[in-house]
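One letter stands for each residue in the lines below.
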Amino acid sequence: MRVGVDRERCCSAGMCVLTAPEVFDQDEVDGRVMLLLDPVPAERVAEAREAVSFCPSGALRVVES
Ligand code: SF4
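What you see is a predicted model; the values in this text were computed from it and never measured.

A. Molecular detail of the site of the ligand. Within the structure, the ligand sits among 13 residues, and C10, A13, G14, C16 and C55 are positioned closest to it. When the residues that make up the shell around the ligand are grouped by side-chain class, the tally is 10 nonpolar, 3 polar and no charged.

Take a look at the structure:
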């Protein structure tokens with residue numbers, strides 16, 4: 001599974017990093033999301049999906065591979 005990221009929509013809320021810190025990080029300058037794992041390995045898929053569902057700005061989406 002992959003995660004699609006729209007950094008323009010990211011409002012730097014950080015929910016994704018709190019939910020799946022192995023998958024997401026935030027840019028030190030603007031706080032916007034950075035994807036750490038692409039594709040997301042099987043053992044991280046559940047938390048990555050949860051993080052996508054928690055994103056308040058719709059910046060993340062699941063891309064089935
Ligand atoms: S949860 Fe969404 S808005 Fe917040 S940092 Fe992550 S991608 Fe950006």
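Text resumes after the structure shown.
B. Geometry of the side chain of S57. Structurally, the position occupied by S57 is in the loop between α2 (45–54) and β4 (60–63). On the accessibility criterion, S57 (16% relative accessible area) is buried. Only 3.0 Å separates the side chain of S57 from the backbone oxygen of R9, close enough to count as a polar contact. Leaving out residues up to four positions away in the same chain, S57 has contacts with R9, C10 and C11.

C. Seen up close, the nonpolar core. Ranked by size, the top nonpolar core spans 17 residues in total, and within it V3, C16, F24, V40 and L60 carry the most contacts. Those elements giving two or more residues to this core turn out to be α1 (15–19) and α2. No other element matches α2, which puts 4 residues into this core. The contact partners of F24, leaving out residues within four places of it in the chain, are V3, C16, V17, V33, M34, L35, L36, A48, A51 and L60.

Basis of the calculations
Residues numbered from 1 in each chain as written. Predicted model: local features only at pLDDT ≥ 70, side-chain atom pairs only at ≥ 80, totals over all residues. Heavy atoms only, no water. Near = heavy atom within 4 Å. Nonpolar A, V, L, I, M, F, W, Y, C, P; charged D, E, K, R; others polar. Helix = DSSP H or I, 4+ residues; strand = E, 2+ residues; numbered from the N terminus. Buried < 20%, exposed > 50% of the residue type's maximum accessible area, 1.4 Å probe, protein only. Polar contact = N/O pair within 3.5 Å; in protein donor to acceptor, adjacent residues only side chain to side chain. Contact = heavy atoms within 4.5 Å. Core = buried A, V, L, I, M, F, W, Y, C linked by side-chain atoms within 4.5 Å.

It is worth stressing that arrangement in space is one thing and function is another; only the former is reported here.
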